[in-house]
Amino acid sequence: MKNIAPKLQADQYERNFSDLHPPFTQNAATTEALRCLYCYDSPCMKACPTHIDISTFIKKISTGNLLGSAKTIYQSNWVPLTCAKACPVDVLCEGACVYNVKGEDPIQIGRLQRFVIENYFEKGMPTIFDKLPNNGKSVGIVGSGPAGLACGAELALLGYVVTIYEANKIPGGLNTWGIAPYKMRREDSLKEVELVKSFGVDIKTEVMIGKTVKVDDLLKQHDAVFLGVGLGESPQLSIQGEELSGVIGALDFIEKVKTENWKDVNVGKKVAVIGAGNTSIDAATEAKRLGAEQVYIIYRRSDVEMSAYEFEYQLAKKDGIVFHFLTSPKQIIGKDSVEGIECVKMKLEEPDIRGRRKPIPISGSEFTINVDMVIKAIGQETKSNFLSSIPNVTLDEEGCVIVDQTSYQTTNPKIFAGGDCINGGKEVVNAAYDGKRAAQGIHAFLSDQSKGEK
Amino acid sequence: MVDLSVNCAGIKSPNPFWLASAPPSNSAYQNCKAFEKGWGGTVWKTIGEPVMNVFNRYGGLDYNGQKIFGLNNIELISDRPIETNFREIAETKKLWPDRAVVVSLMVESKRETWHEIVKRTIDTGCDGIELNYGCPHGMSERGMGAAVGQVPEYCKMITEWVTEISTIPVLVKLTPNVSNIQLPARAAKAAGANGITLINTINSIIGVNLDTFELKPNVGGKGGHGGYAGPAVKPIALHLLSQVAIDPEVNLPISGIGGISNWRDALEFILLGSSNVQVCTAVMHHGFRIVEDMIDGMTNWMNEKGITSLDQIRGKSLPRIDNFGNFDLLNRTIARIDQQKCIHCNLCYVACEDTAHQCIDLTEENGSSKTEVREKDCVGCALCSLVCPVENCISMVRIDDGSASKTWNQLNEEFRKSGKQMTWEELAKFQHKHGIEIH
């Protein structure tokens, strides 16, 4: 990199990467819980993709039944700490809270859920779940992200022998690696992994299905297989200069900031992030908080079309990120490393039949921004190469695995799938739901099979 | 111009707010400080027999995050030497001639002992005497306090010992721990008391510690009943107040106490016949300063209503107190939900469905829940409107035109005259005639 941003003082790092939303004290949690109206058939529960019985878990906080509260949460969701910290609650549970209709602040559901689960972990994860005896059947799960963990937890308690195969050295998938540290620490995700392991789930790390273990062998070893492989690399920008030193994919960058040596991660003095999704915001704010003097977000459409949530946009603006809307990168300039990025201004065409407004370049509007680093955050590609190597599994035109909406079964009856690899990239909470539902699908499938055998 | 001054049994004060005989009125320092803040009067913490307190003496009942919804105490009467109390009472009255200084008394049941303390009390220059027949703990074990208030004969006897020599007004403070509060009130009247004070605290155990199984408050591992006060007791106090206030055999001025925390509570007591009010728990929770809002709030309310003196409203709600048998059975109300205001919490639905009369339907409309009252089945019990968290969202609407009116007593009388028995069948005919269906 040409100009590396100078390192910060240790206390500055701590400040920049401390919790965005500090935890509740016991008293504050109780007070907030008491504010909850305890709605019947509540809108927040319906708005949660995993349908956590929110008013019940909050009621239990108010009576001091924190263990019972944790159990209520886990009955619907096996990664509730990650969800409490990473969910876009404004558009899910808290957005549906009846207090909004009343013109008052919604209940802080995310923070209350965090309070309950952190208390559960602090207590040493006491046993609150019933585990059925071993039923002699085995399920292999590919990927230890939220979908795989949820599927594994559910199946283990149903009596299955569960093995999760994880390519990375440290499990947890994007829960561990893909969330900005000031939203969630790596240790938080690893505690959720520990809980799942405590149910008897075996997580084999550094195992790459298709390489370390052949797909055929996987299918032979298990009675059913769940695919929770998520998505892959950032796609190429396909512009000149992409190979220069200083160009990095957003997830690679975010992952580095989640390693133990995160303070050593170098960022450029000036950084351009391409794309305006939630991952772009994470990458941009992390770069800024690691000491970058100036961070730009470059996006070819306008703020109306960007996929980042409003609260993420606000966070970025608060961090001083400069947005170049209606701007597209044309080429990355530099000799060996990045020195600048040439952009062109865009305009939006009239909406097409699907309502999308196509951006088109305005000729002669080219301009160059001097930057030392370019972070590509224009989404992730599907792992279509790997997925298409699995026998009888069908992918849609986007490269997502096609599954039955209820059972999560793929076109190969023995194989089930959930999470980002079936939806092309949604929230942790959606993956957690898929994993749990798929486990139920697997259970139904294998139970039927057993009946057939008898 | 609003005038808040009151006269309770000849004891005058510039406003109706007095400190009740309790820890806040324990000393000259406290009473004078209270007067500086604006309190209209005080009932000096009970003086009398030698006592010694235990250390831990209060227990609080918290409810839904609200501290001290109720307060229990096992404190005794004043544990300061009686000479100190007499001296400080005299000094306080001298410093604050326009405020009411009433002294609460409790001694053993001997005529001479009572005569002596009454004389010495009058010598302080105070405005009145209050006889503590209510203290439910400690003192009652020694034959005083509630032990007197619970036996009308004792109540009458001791009151006579006081009234026969007193030259200043005598108030008798009653215990609520009786089955009929009118009996000790009548005894006080018969003995020549000038007024009644009610209620003293209610027998209570505030709670049990789930870790140690000890009672609250815990005195070295032991506990017992204490006196319960605070906002939670107000409805009980209002009822007992009304019982005494409507009793023609009593017909005495009443100084009301029991969970009064603000001017609104005070007005409710006055509307049910209180001459003035006494306050303790709210002061123990927040200090003497609360009287400022009590005076201010009551003054503003009176100005808004065009009321210039509390005499104009005292007892105004009493004529409404009646027996169930005189309530109109055909005064029909039903619940109506304002769909514009509804926030879809469905609390009305679950309350009605599980615990009332199953007459609210829960349906889906445009992706959101909708609650609607099936009016023909609604009995107008009002539970839904009580659980609804939105102001004025569920209203109870009267649907009869007032042309038909029948009380239970009238109905029985009609049946009697026409030679009919009050049977389920006859009652159903009456209900059917008026479009009332009970499922």
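Here the structure is a predicted model, which means the values were calculated and not measured.

Thoughts on the domain arrangement of chain A
A common way to report how large an interface is uses the accessible area buried once the components associate. Residue and element names in this part refer to chain A. Along its sequence, chain A is carved into domain 1 (21-122), domain 2 (138-232 + 381-453) and domain 3 (247-376). Just the C-alpha atoms count here: the centres of domain 2 and domain 3 sit 32 Å apart. Taking both partners together, domain 2 and domain 3 bury about 1,200 Å²; carbon and sulfur atoms supply 49% of that area. Put simply, domain 2 and domain 3 have three salt bridges between them. Here Asp 282 ties to Lys 183 by a salt bridge, and the two come within 2.6 Å at their closest N and O atoms. The interface formed by domain 2 and domain 3 holds 10 residue pairs in polar contact (both at pLDDT 80 or more) in total. Broken down by element, the residue count for the side of domain 2 that touches domain 3 peaks at three residues, all from helix H11 (residues 174-177). Across the side of domain 2 that touches domain 3, the residue classes tally to seven nonpolar, three polar and four charged.

Some remarks on the packing of helix H4 (residues 54-62) of chain A against helix H5 (residues 66-74) of chain A
All names here are of chain A. The contact between H4 and H5 brings their axes to 8 Å, and the two run at 170°. Comparing their axes, H5 and H4 come out roughly antiparallel. Contact residues: Thr 56, Phe 57, Lys 60 and Ile 61 in H4; Leu 66, Gly 68, Ser 69, Thr 72 and Ile 73 in H5. Looking at the contact of H4 with H5 residue by residue, the classes come out as four nonpolar, four polar and one charged.

Points about the pattern of salt bridges
Residue and element names in this part refer to chain A. Scanning the entire structure with this criterion turns up 48 salt bridges over all chains. Residue Lys 85 is joined to Asp 188 by a salt bridge in which the shortest nitrogen-to-oxygen separation is 2.7 Å. Of this pair, Lys 85 sits in helix H6 (residues 80-86) while Asp 188 sits in helix H12 (residues 186-198), and the two are 103 residues apart along the sequence. Residues Lys 85 and Asp 188 agree in their burial class; the two are buried. Connected through shared salt-bridge partners, Asp 19, Lys 85, Arg 114, Glu 118 and Asp 188 make up one network.

Some remarks on helix H1 (residues 28-37) of chain B
Residue and element names in this part refer to chain B. Taken residue by residue, H1 has Ala 28, Asn 31, Cys 32, Ala 34 and Phe 35 as its buried positions. Taken around the axis of H1, the buried residues stretch over an arc of 155°, which confines them to a single face. With respect to the buried face of H1, the exposed residues turned more than 90 degrees away are Tyr 29 and Glu 36. Structurally, H1 contributes buried residues whose contacts are with strand S3 (17-19), strand S4 (41-48), helix H2 (82-95) and strand S7 (100-106). Looking at the residues trailing H1, positive phi occurs at Gly 38, about 120°.

Notes on the interface of chain A and chain B
Between chain A and chain B, the residue contacts involve 11 residues of the former and 14 residues of the latter. In this assembly, chain A packs against chain B so that about 1,000 Å² is buried in total across both faces, 70% of it on carbon and sulfur atoms. For chain A, the biggest contributors to the area lost against chain B are Leu 34, Tyr 40 and Lys 102 of chain A; these three give 51% of the whole. One can count one salt bridge joining chain A with chain B. The shortest N-O distance in the salt bridge between Lys 46 of chain A and Glu 364 of chain B comes to 3.3 Å. Applying the counting rule to chain A against chain B returns four residue pairs in polar contact (both at pLDDT 80 or more). Those elements that place two or more of their residues in the side of chain A that touches chain B are helix H3 (43-47) and helix H8 (98-101) of chain A. Its residues assigned to classes, the side of chain A that touches chain B comprises eight nonpolar, no polar and three charged.

Some details on the domain arrangement of chain B
Looking at the assigned domains, one finds that chain B contains domain 1 (6-317) and domain 2 (322-439). Relative placement of domain 1 of chain B and domain 2 of chain B: their C-alpha centres are 41 Å apart.

A short note on empty space enclosed by the protein
Residue and element names in this part refer to chain A. Enumeration over the complete set of coordinates arrives at five cavities of 30 Å³ or more. Approximately 130 Å³ is the volume found for the largest cavity. The wall of the largest cavity is formed by 15 residues, among which Cys 48, Cys 87, Val 89, Cys 93 and Gln 113 lie closest to the centre. Looking at the lining of the largest cavity, the elements that each hand over two or more residues are H6 and helix H9 (109-122). Take the lining of the largest cavity: its biggest share by element is three residues, from H9.

Some words on the pairing of strand S8 (residues 128-132) of chain B
All names here are of chain B. Extensive coverage of S8 is indicated by the burial of five of its five residues. What you see with S8 is no split at all: Gly 128, Glu 130 and Asn 132 on one side and Ile 129 and Leu 131 on the other are buried throughout. Examined bridge by bridge, S7 and S8 share four bridges and lie parallel to one another. Along S8, the bridge assignment pairs Val 103 with Ile 129. Here four bridges tie S8 to strand S9 (residues 170-173), and the two strands are oriented parallel to one another.

Some remarks on unusual backbone geometry
All names here are of chain B. Cis geometry marks the peptide bond from Leu 198 to Ile 199; its omega dihedral reads 5°. Inspection of the secondary structure puts Ile 199 in the loop between strand S10 (195-198) and strand S11 (202-204). Cis rather than trans, the peptide bond between Lys 216 and Pro 217 has omega equal to -10°. Structurally, the position occupied by Pro 217 is in the loop between strand S13 (215-216) and strand S14 (226-229). The backbone phi angle of Asn 64 is positive, close to 50°, even though this residue is not glycine. Note on placement: Asn 64 falls in the loop between strand S5 (58-63) and strand S6 (66-73).

A short note on the packing of aromatic side chains
All names here are of chain A. In the structure shown here, the tally under the stated rule is 20 aromatic pairs over all chains. On the numbers, 5.7 Å between centres and 50° between planes, the contact of Phe 17 with Tyr 182 is tilted. Of this pair, Phe 17 sits in the loop between helix H1 (10-16) and helix H2 (26-35) while Tyr 182 sits in the loop between H11 and H12, and the two are 165 residues apart along the sequence. Assessed through its relative accessible area of 0%, Tyr 182 is described here as buried. When the centroid spacing of 4.6 Å and the interplanar angle of 50° are considered together, the rings of Phe 17 and Trp 262 count as tilted. Placement of Phe 17 in the loop between H1 and H2 and of Trp 262 in the loop between helix H14 (250-257) and strand S6 (270-274) is noted, with a sequence separation of 245 residues between them.

Comments concerning the pairing of strand S15 (residues 254-257) of chain B
Residue and element names in this part refer to chain B. Residues Ile 254 and Gly 256 point to one face of S15 and Ser 255 and Ile 257 to the other, with burial holding for every one of them. Pairing between S10 and S15: three bridges, direction parallel. Bridging across to S15, Ile 196 finds its partner in Ile 254. Tracing the backbone out of S15, into helix H8 (residues 263-271) and back to the parallel element strand S16 (residues 274-279) gives a crossover that is right-handed.

Re the side chain of Asn 73 of chain B
Residues and elements named next belong to chain B. Looking at the element boundaries, Asn 73 is found in strand S6. With relative accessibility at 17%, the residue Asn 73 sits in the buried group. Separated by 3.0 Å, the side chain of Asn 73 and the backbone nitrogen of Glu 75 make a polar contact.

Comments concerning helix H6 (residues 182-190) of chain B
Along H6 of chain B, the positions that sit buried rather than exposed are Gln 182, Pro 184, Ala 185, Ala 187 and Ala 188 of chain B. For H6 of chain B, the elements touching its buried residues are helix H4 (146-149), helix H5 (152-163), S9, S10 and helix H7 (234-245) of chain B.

Cut-off values and rules
- Residues numbered from 1 in each chain as written.
- Chains lettered and ligands numbered in written order.
- Predicted model: local features only at pLDDT ≥ 70, side-chain atom pairs only at ≥ 80, totals over all residues.
- Heavy atoms only, no water.
- Domains from an automatic or database assignment.
- Buried area = accessible area lost by both parts, 1.4 Å probe.
- Salt bridge = Lys/Arg side-chain N within 4 Å of Asp/Glu carboxyl O.
- Polar contact = N/O pair within 3.5 Å; in protein donor to acceptor, adjacent residues only side chain to side chain.
- Helix = DSSP H or I, 4+ residues; strand = E, 2+ residues; numbered from the N terminus.
- Nonpolar A, V, L, I, M, F, W, Y, C, P; charged D, E, K, R; others polar.
- Axes fitted to C-alpha atoms, helices over the stretch in contact; angles between N-to-C directions.
- Parallel < 35°, antiparallel > 145°, perpendicular 65-115°, else oblique.
- Contact = heavy atoms within 4.5 Å.
- Buried < 20%, exposed > 50% of the residue type's maximum accessible area, 1.4 Å probe, protein only.
- Arc of directions from axis to C-beta.
- 1 Å grid on protein atoms, 1.4 Å probe; cavity = no way out; pocket = protein on both sides within 12 Å on 5 of 7 lines; lining within 4 Å.
- Points joined across faces, edges and corners; volume = space filled by probe spheres on them.
- Pairing = 2+ DSSP bridges.
- Phe/Tyr/Trp six-rings, centres within 6.5 Å; stacked < 30°, edge-to-face > 60°.
- Right-handed = clockwise from strand over helix to strand, strands pointing away.

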